[in-house]
Amino acid sequence: MRYFLFLIGLFLGLSVSAQKSIVDELQKNRVGQGTVTIHQDARISALLGSAYVRGENETEPKVLKMRGYRVQVYAGNNSRIARKEANEVANQIKQEFPDLSVYAFFLPPRWLCRVGDYKSIEEADATMRRLKTSGKFKEVSIVREQINIPLE
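Reference entry: report on the structure contained in this document. (Residues numbered from 1 in each chain as written. Predicted model: local features only at pLDDT ≥ 70, side-chain atom pairs only at ≥ 80, totals over all residues. Heavy atoms only, no water.)

In this model helix 5 (residues 121–133) runs 18 Å from its N-terminal to its C-terminal C-alpha over 13 residues, within 8% of the 18 Å that 1.5 Å per residue would give. The set of residues buried in helix 5 consists of Ala-124, Thr-127, Met-128 and Leu-131. Down the axis, helix 5 shows its buried residues gathered within 105 degrees of arc, on one side only. The exposed residues of helix 5 that point more than 90 degrees off its buried face are Glu-122, Arg-129 and Thr-133. Tucked inside the fold, the buried residues of helix 5 contact strand 2 (62–75), strand 4 (110–118) and strand 5 (141–150). Two residues or fewer past helix 5, Gly-135 is found with a positive phi of approximately 85 degrees. (Helix = DSSP H or I, 4+ residues; strand = E, 2+ residues; numbered from the N terminus. Expected span 1.5 Å × (residues − 1). Buried < 20%, exposed > 50% of the residue type's maximum accessible area, 1.4 Å probe, protein only. Arc of directions from axis to C-beta. Contact = heavy atoms within 4.5 Å.)

Below, the discussion takes up the packing of aromatic side chains. Under the defined criterion, the tally for this structure stands at one aromatic pair. With a centroid separation of 5.3 Å and an interplanar angle of 50 degrees, the aromatic rings of Phe-106 and Trp-111 are classed as tilted. Its relative accessible area of 33% is what places Phe-106 among the partly exposed residues. (Phe/Tyr/Trp six-rings, centres within 6.5 Å; stacked < 30°, edge-to-face > 60°.)

With that settled, consider helix 4 (residues 80–96). In a regular helix each residue adds 1.5 Å, so 17 residues correspond to 24 Å; helix 4 covers 24 Å between its end C-alpha atoms and thus fits that length. The inward-facing, buried residues of helix 4 contact strand 2, strand 3 (102–107) and strand 4.

All right, on to the nonpolar core then. In this structure, Val-73, Ile-93 and Phe-137 are the most contacted members of the largest nonpolar core, which totals 21 residues. Broken down by element, this core gets its largest block of residues, five residues, from helix 4. Setting aside residues no more than four positions away along its own chain, Val-73 makes contact with Val-89, Ile-93, Cys-113, Val-115, Leu-131, Phe-137, Glu-139 and Val-140. (Core = buried A, V, L, I, M, F, W, Y, C linked by side-chain atoms within 4.5 Å.)

Once that is clear, we can look at the pairing of strand 3. Where strand 3 lies against strand 4, six bridges are found, and the strand directions are antiparallel. Residue Val-102 lies in a different strand from strand 4, and its bridge partner there is Val-115. Taking the residues between adjacent antiparallel strands as the criterion, strand 3 and strand 4 are bridged by two residues. (Pairing = 2+ DSSP bridges.)

Structure representation (structure tokens):
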């Protein structure tokens with residue numbers, strides 16, 4: 001059993017060593033900010049989320065995947081009409097709120113449109129209230145989902 005855990009740890013360690021982890025980002029020296037020093041076992045770092053480059057293009061922004069919250073604005077069924085409606089809602093949000101990130105996608109058995117990448121439920125709640133007060137999006141709710149956090 002120890003041998004198996006050692007192999008898993010070694011594999012995770014090698015895969016993470018090629019990418020920067022969140023621990024590396026936290027310990028980075030930044031002008032005008034404090035210094036963070038983290039002392040931990042290397043196996044813990046191997047289990048943490050790591051930064052990656054989207055797609056094959058190196059010029060695209062780096063993001064960190066983590067659990068967070070989004071605001072669900074539309075949920076349809078498994079039809080072409082629902083797909084069209086989800087995309088229409090996404091376009092409407094992009095026009096009215098260009099600062100928000102919008103995701104329209106199919107998650108079986110329905111089409112969804114979700115907004116934002118929020119680390120806390122309070123941030124998601126503020127956006128949900130903003131969408132409700134516009135008067136165009138009435139059935140909005142907060143959902144827990146994997147989010148994208150851009151890295152500098």
